[in-house]
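# Commentary on secondary and tertiary structure
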Amino acid sequence: MKAVAGGFLLLATLIYVIARWQENAGAGAWVGYVRAAAEAGMVGALADWFAVTALFRRPLGLPIPHTAIIPTRKDMIGRNLGDFVGSNFLAEHVVRDKLRRAEISRRLGCWLDDADHAERVTSELATAVRGAVQVLRDEDVQAVLEQAVVRKVLAQPWGPPLGRILGQVFADGSHHKLVDLICDRAYDWVRDNHETVLRVVSQRAPSWSPKFFDTIVADKIYAEVLSFAWAVKTDPEHPMRKAVDRFLVEFADDLQNDPKTMAKAEQIQQQVLEHPEVQNLVSSAWGTAKKMLLDAAEDPSSELRVRVREGLRSLGRRLVEEPELQSKVDGWVEGAVVYVVSNYRDELTTLITETVERWDAQETSRKIELQVGRDLQFIRINGTVVGALAGLLIYTLSQLFL
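Everything numeric in this text was worked out from a predicted model, so none of it was measured.

Right, let's talk about the overall build of the chain for a bit. Per the secondary structure count, the chain includes 18 helices and 0 strands. Looking at the chain as a whole, 27% of its 402 residues are labelled buried. A separation of at least 24 residues holds for 71% of the contacts in the chain among residues at least 6 apart in sequence. Of the accessible surface of the chain, which amounts to about 26800 Å², a share of 62% is contributed by carbon and sulfur atoms.

Following this line, the structure appears as structure tokens:
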């Protein structure tokens, strides 16, 4: 385009030289019109060449003031560009208007409702999960679990909350089935362990006691114990059951109010959590969870991925069909974006300013010239043509009226 624009200048110059030569040779009056047009065309071409060149460099290398504008004022241009973007593109009302017209939630809902798109998002999430799980070190996660779970449990007293739960259970009578089960098992054990009762009685009997007498006593004791166990099992109002109920209610109250019982509960809590099996359970929990996550993420047909995929499609349908949800999501997005723009506008515009400041002045000028230079060369071409027409008009008017 520089060659084309320069060609117009050379053409105007050639026409001027020929027209001037013809004038000196005594050609007709029409030659003056041609010469005036060509002369004005040269002036216009040279003036626009100077103007265009002065944007990017000093014409002919001469230190003419207000030339090489882009290289010398690059930093100021960057600052002005940043201010322009901040004022006209990152203004709160501009951002809000753009987001409202964008209908982000509805478009997102339509996109997610498509099965292929939902599968794509699920696949990307699975990849992210795999990457995150594989990057995490097992010992670090176990330490976090211990701090977040075990220490948290240790920090909370067990007695009062456990007492409140048990008190509610006992008040509702929900424990009666457990008592029934214990009574049934106790009766069954007594019924099936006659020999054990006889052996215990024999061992506890005096050495001088006759064996047949020990057997009679053991049988009598066994019959009484079996009868007692049967009565407790079959009679819901048995005094033993009442005693158990009273004990449980008192125990639940002691867990909440008795310092000694509460202290014992804390000791049991500490012993349980410090037990090696509990520590091994905490250590192995991450390994189990890690394997489950990796297996589920790898398998496209896993329950986890199926549920995520269906959940995404369900969310997409709701975003399309429910105006209230659309409004909520759009409000969240609008609020988040406006917050970022309002609080970090200067940082965003500084990115433009600092980037331009880091550019080399000559390299910046060259890049801009490559982007807009073609259009600027049309200015030179238009200047030649418009200059020639203006010169022709001026010469014509001077011939008519002067």
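There's plenty left to go through after this.
With that out of the way, let us pick up the pattern of salt bridges. Working definition: two side chains of opposite charge can pair if their charged atoms are close together. Across all of its chains, the model carries 18 salt bridges by this definition. Residue D192 is joined to R191 by a salt bridge in which the shortest nitrogen-to-oxygen separation is 3.1 Å. In this structure R191 comes out as partly exposed when scored by relative accessible area, which is 40%. Residues R307 and E303 are paired through a salt bridge, measuring 2.8 Å at the closest nitrogen-oxygen approach. Placement of both R307 and E303 in helix 16 (residues 303-321) is noted, with a separation of 4 residues, approximately one turn of the helix. Taken together, the shared-partner salt bridges connect R20, E23, R35 and E39 into one network.

With that settled, the discussion passes to helix 17 (residues 323-358). At Y344, helix 17 shows its maximal kink, close to 75°. If you check which residues of helix 17 are buried, you get L325, Q326, V329, E334, V338, V341, T349, T353 and V356. Packed against the buried residues of helix 17 are helix 4 (74-88), helix 5 (92-102), helix 6 (104-113) and helix 16.

With that settled, consider the packing of helix 6 against helix 17. At a minimum axis distance of 8 Å, the contact between helix 6 and helix 17 shows a crossing angle of 115°. The angle between helix 6 and helix 17 places the two elements in the roughly perpendicular class. Contacts between helix 6 and helix 17 pair I104, S105 and R106 from the former with Q326, V329, D330 and V333 from the latter. When the residues that make up the contact of helix 6 with helix 17 are grouped by side-chain class, the tally is 3 nonpolar, 2 polar and 2 charged.

What follows concerns the nonpolar core. With 6 residues, the main nonpolar core is built from V85, L90, V95, L99, V338 and V341. Listing elements by their share of this core, those giving two or more residues are helix 5 and helix 17. Ignoring any residue separated from it by four or fewer positions in sequence, one finds L90 in contact with V85, V95, V341, R345, L348 and T349.

Let's shift gears to the side chain of Q326. Note that Q326 resides in helix 17. Filtering out sequence-adjacent residues up to four positions away, Q326 remains in contact with S105, R106, L319, V320 and E321.

Here we take up the packing of aromatic side chains. Under the definition given, this model contains 3 aromatic pairs. Summarising the aromatic geometry, the rings of F84 and F89 are spaced 5.9 Å apart at their centres and angled 65° between planes, so their arrangement reads as edge-to-face. On the accessibility criterion, F89 (51% relative accessible area) is exposed. Between Y339 and Y344, the aromatic rings sit 6.5 Å apart at their centres with planes inclined by 70°, giving edge-to-face as the arrangement. The exposure class of Y339 is partly exposed, given its relative accessible area of 49%. Exposure remark for Y344: the relative accessible area of 40% places this residue in the partly exposed category.

A few words now on the confidence of the model for the chain. Confidence along the chain averages 80 in pLDDT terms, with 85% of residues attaining 70 or more. Taken element by element, the predicted model of the chain shows its lowest mean pLDDT in helix 8 (residues 138-155) (64) and its highest in helix 1 (residues 2-24) (90).

Here helix 7 (residues 115-135) is 21 residues long and its end C-alpha atoms lie 30 Å apart, about the 30 Å a rise of 1.5 Å per residue gives. What helix 7 keeps buried is the set A118, T122, A126, R130 and V133. Buried residues in helix 7, looked at end-on, bunch into an arc of 110°, giving them a common side. For helix 7, the exposed residues set more than 90 degrees away from the buried face come down to D116, R120, E124 and V135. One side-chain oxygen of the residue at the start of helix 7 lies 3.0 Å from the amide nitrogen of D116, identifying that residue as D114.

For the pair helix 16 and helix 17, interaxial distance at closest approach is 6 Å and the crossing angle is 100°. Here helix 16 is positioned roughly perpendicular relative to helix 17, judged by the angle of their axes. Judged by residue contacts, L315, R318, L319, V320 and E321 of helix 16 engage P323, L325, Q326 and V329 from helix 17. In terms of residue class, the contact of helix 16 with helix 17 is built from 6 nonpolar, 1 polar and 2 charged.

Negative phi is the rule for most residues except glycine; trans is the rule for most peptide bonds. If you check the backbone angles, E103 has positive phi at about 50° while not being a glycine. For E103, the position within the fold is in the loop between helix 5 and helix 6.

The next point concerns the side chain of S105. Note on placement: S105 falls in helix 6. By relative accessible area, which is 1% here, S105 ends up buried. Discounting chain neighbours no more than four positions away, the residues touching S105 are L319, Q326, V329 and D330.

In this structure, A231 sits in helix 12 (residues 211-234). Taking the C-alpha atoms as reference points, A231 and Y187, separated by 44 residues in sequence, lie 9.3 Å from one another.

Glancing now at a nonpolar patch on the surface. On the surface, V4, F8, V385 and L389 cluster together to form a nonpolar patch covering roughly 310 Å² of accessible area. Among the secondary structure elements, those contributing two or more residues to the nonpolar patch are helix 1 and helix 18 (361-401). Here L389 lies in helix 18.

Rules behind the numbers
Residues numbered from 1 in each chain as written. Predicted model: local features only at pLDDT ≥ 70, side-chain atom pairs only at ≥ 80, totals over all residues. Heavy atoms only, no water. Helix = DSSP H or I, 4+ residues; strand = E, 2+ residues; numbered from the N terminus. Buried < 20%, exposed > 50% of the residue type's maximum accessible area, 1.4 Å probe, protein only. Contact = heavy atoms within 4.5 Å. Areas by Shrake-Rupley, 256 points an atom, 1.4 Å probe, with all protein chains shown as cover. Salt bridge = Lys/Arg side-chain N within 4 Å of Asp/Glu carboxyl O. Bend = angle between axes of the 7 residues up to and from the residue. Axes fitted to C-alpha atoms, helices over the stretch in contact; angles between N-to-C directions. Parallel < 35°, antiparallel > 145°, perpendicular 65-115°, else oblique. Nonpolar A, V, L, I, M, F, W, Y, C, P; charged D, E, K, R; others polar. Core = buried A, V, L, I, M, F, W, Y, C linked by side-chain atoms within 4.5 Å. Phe/Tyr/Trp six-rings, centres within 6.5 Å; stacked < 30°, edge-to-face > 60°. pLDDT = per-residue confidence, 0-100. Expected span 1.5 Å × (residues − 1). Arc of directions from axis to C-beta. Polar contact = N/O pair within 3.5 Å; in protein donor to acceptor, adjacent residues only side chain to side chain. Patch = residues over 30% accessible without salt bridge, like charges linked within 9 Å, V, L, I, M, F, W, Y side chains within 5 Å.

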